[in-house]
Amino acid sequence: MIWRDRNGNIVPGDNGQDRFLEWMYGTAPGRCLVRLMIQPWVSQSAGWLLDRRISALAVKPFIKSNHIDMTDFEQRKFRSFNDFFTRQVREGRRPVDMEPEHLIAPCDSKLTAYPIGADSRFRIKGVDYTLEQLLRDGELARRFLGGTLLLFRLTVGDYHRYGYVDSGCLGREIHLNGVYHTVNPAAAGRYPIYRENTREYALLESDHFGTLLQMEVGAAMVGRIVNNPGERMVQRGEEKGRFEFGGSTVIVLLQKDAAVIDEDILRNTREDAETVVRLGEKIGHR
């Protein structure tokens, strides 16, 4: 999968990780390993290990191998690898676009945008899905027919905290148990990961974009989706929660005509490229 910035320039990706995952999902021996790796207990065990103090030894090699620029983040000693992985950005490093007409990104990620057909179908990396499969709720799925699905894919080097795309009133959260495929395109083109992976979602009665749905999808080595408890009235850009170690995804569903997505994002998606975005930046408008 190609990554592009907002000016259309190609951004280097993690080719080593991509090659390994292509082997894992694209070969018979690799798929045998997949069957083990996607089990929830594997990710949960990895999460337990990465909470231990000894795991902090992996932080510096991880930063180096993934070319992570730490100047955006708090400077302190990390207690464990997960403490590092869920690090906070420094104040002012993720300014939130507060223009009411603007739709913002909920996280640092690689973004693609997909139309939802009148039959509730959408297609990601050659795999067909329906909203009912994604949500396990046919009545709710019908509310988003003809709308847009925004897929924000986080990779291991991204900031793994996410916020709300608009202010409004948050509904109750729904948890759907599942497995833990990687969300790398190597898996997305071979397995229906967005109807198999563990995920959580909630409706947001937003101030500017009608009723929208925000979902968090767990992935390989993500043992925990940690959403913050609190008030039902939320603010644009306010932290909603975090993912612990691994790649993962945030999905936003918009109803028909709720927003117009920026053309560079739509063009990149048509050309099978992901657009690199940061939490709080404009990605569309009303």
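Scroll up for the structure.
If you're wondering where the values come from, they're calculated on a predicted model, not measured in any experiment.

Now for the sheet that holds strand 13 (residues 225-227). The 3 strands are arranged 8-15-13 in an open sheet whose pairing can be described as antiparallel. At either end of the open sheet lies a strand with only one pairing partner, and these are strand 8 (161-163) and strand 13. Put simply, the sheet's adjacent strands are angled 25 degrees from each other on average, direction ignored. Inspection of the sheet shows strand 8 paired to strand 15 (residues 239-243) by 3 bridges, in the antiparallel sense.

As a working rule, side chains carrying opposite charge can pair if their charged atoms are close by. Inspection of every chain in the model, using the stated rule, returns 23 salt bridges. Residue Arg121 is joined to Asp119 by a salt bridge in which the shortest nitrogen-to-oxygen separation is 3.9 Å. Here Arg153 ties to Glu274 by a salt bridge, and the two come within 2.7 Å at their closest N and O atoms. With Arg153 in strand 7 (residues 148-154) and Glu274 in strand 18 (residues 273-277), this pair connects stretches of sequence that are 121 residues apart. An identical accessibility class is assigned to Arg153 and Glu274; each is buried. One salt-bridge network, in which partners are shared between bridges, spans Arg6, Asp262, Asp264, Glu281 and Lys282.

Here the focus is the side chain of Asp108. Here Asp108 shows up in the loop between strand 3 (102-104) and strand 4 (109-115). Residue classification places Asp108 among the buried residues on the basis of a relative accessible area of 6%. For Asp108, the side chain forms a polar contact with the side chain of Arg94, separated by 2.7 Å. At a separation of 2.9 Å, a polar atom in the side chain of Asp108 contacts the main-chain amide nitrogen of Leu279. In this view, Asp108 contacts Arg94, Leu154, Asp158, Tyr159, Val277, Arg278 and Leu279; residues no more than four positions away in its chain are not counted.

Conventions we followed
- Residues numbered from 1 in each chain as written.
- Predicted model: local features only at pLDDT ≥ 70, side-chain atom pairs only at ≥ 80, totals over all residues.
- Heavy atoms only, no water.
- Pairing = 2+ DSSP bridges.
- Helix = DSSP H or I, 4+ residues; strand = E, 2+ residues; numbered from the N terminus.
- Axes fitted to C-alpha atoms, helices over the stretch in contact; angles between N-to-C directions.
- Salt bridge = Lys/Arg side-chain N within 4 Å of Asp/Glu carboxyl O.
- Buried < 20%, exposed > 50% of the residue type's maximum accessible area, 1.4 Å probe, protein only.
- Polar contact = N/O pair within 3.5 Å; in protein donor to acceptor, adjacent residues only side chain to side chain.
- Contact = heavy atoms within 4.5 Å.

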